Amino acid sequence: MKLRPHHVLDIISDYGHDAKFVPHPYGHAVHTVARAILSNPNLEVELVIGADEICRPCTHLRLDGLCDDVLRQLDPPISKQQYNDDLDGRLVNYLGLTLPAVMTIRKYLEIVAEHLPGVEKICTHPGEDQETRLTGLQHGLVRLGITEDEEKIGLG
Ligand code: SF4
């Protein structure tokens, strides 16, 4: 399946904070993709900058493959398509990845773990606390068995 790099990190951070993955009013597939990757970190995925498996059933995905949602909480408001593309561009640069790339979720998250702490500065969303994002990622990676070296990712 195709996945945006930051969508995976959103799921891992939520997992680290014990969030429940339930259907969203937008109709997107965060809840089903979360179950798929958390139950099988060896799942091979294609990391992409663009609409992904989460977007596929979303009411905001247009026929041309672009997102029509707008982040009105930002001043000035910007399209979520642009926000997401910019965010994923910065994220893959920070992680040293070239997209599209096919790898297991485990491999991707091992690369993320090598950039913790630090990556939370790139992937924290507006209105979200950077420390909260960091602890979510740290605990999510440990819970998923991606790393046992808690000190190396800034825990403990
Ligand atoms: S990026 Fe847009 S299309 Fe994709 S899940 Fe979010 S709101 Fe829906």
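Residues numbered from 1 in each chain as written. Predicted model: local features only at pLDDT ≥ 70, side-chain atom pairs only at ≥ 80, totals over all residues. Heavy atoms only, no water.

Asker: Outline helix α3 (residues 80-95), supporting the account with residue identities and numerical values.
Answerer: The terminal C-alpha atoms of α3 lie 22 Å apart, and with 16 residues this matches the ideal 22 Å at 1.5 Å per residue to within 8%. If you check which residues of α3 are buried, you get Q81, Y83, N84, L87, D88, G89, L91, V92 and L95. Buried positions along α3 lie against α1 (5-16), β3 (70-71), β4 (78-79), α4 (105-113) and α5 (120-123). (Helix = DSSP H or I, 4+ residues; strand = E, 2+ residues; numbered from the N terminus. Expected span 1.5 Å × (residues − 1). Buried < 20%, exposed > 50% of the residue type's maximum accessible area, 1.4 Å probe, protein only. Contact = heavy atoms within 4.5 Å.)

Asker: Now, about the pattern of salt bridges: what can you tell me, with residues and values included?
Answerer: Under the definition given, this model contains nine salt bridges. When the shortest N-O distance is used, the salt bridge between R4 and D85 registers 2.7 Å. Here R4 is found in the loop between β1 (2-3) and α1, whereas its partner D85 is found in helix α3, with 81 residues between them in sequence. Exposure remark for R4: the relative accessible area of 2% places this residue in the buried category. The closest approach of N and O atoms between E128 and R133, which form a salt bridge, is 3.1 Å. Put simply, R4, D85 and D88 are held in one network by salt bridges that share partners. (Salt bridge = Lys/Arg side-chain N within 4 Å of Asp/Glu carboxyl O.)

Asker: Which residues make up the pairing of strand β5 (residues 101-104), and what values go with them?
Answerer: Going residue by residue along β5, you find A101 and M103 tucked away on one face and V102 and T104 left uncovered on the opposite face. Pairing of strand β2 (residues 44-47) with β5, which is carried by four bridges, proceeds in the antiparallel orientation. Each residue of the ladder has a partner; that of E44, found in β5, is T104. (Pairing = 2+ DSSP bridges.)

Asker: Residues and numbers for the site of the ligand, please.
Answerer: In the vicinity of the ligand, the residues found are Y26, H28, C55, C58, H60, L61, C67, K80 and N84. Comparing atom positions with the cavity grids shows the ligand to sit within the largest pocket. Here the shell around the ligand is composed, by residue class, of five nonpolar, three polar and one charged. (Near = heavy atom within 4 Å. 1 Å grid on protein atoms, 1.4 Å probe; cavity = no way out; pocket = protein on both sides within 12 Å on 5 of 7 lines; lining within 4 Å. Sits in = over half its atoms within 2 Å of the grid points. Nonpolar A, V, L, I, M, F, W, Y, C, P; charged D, E, K, R; others polar.)

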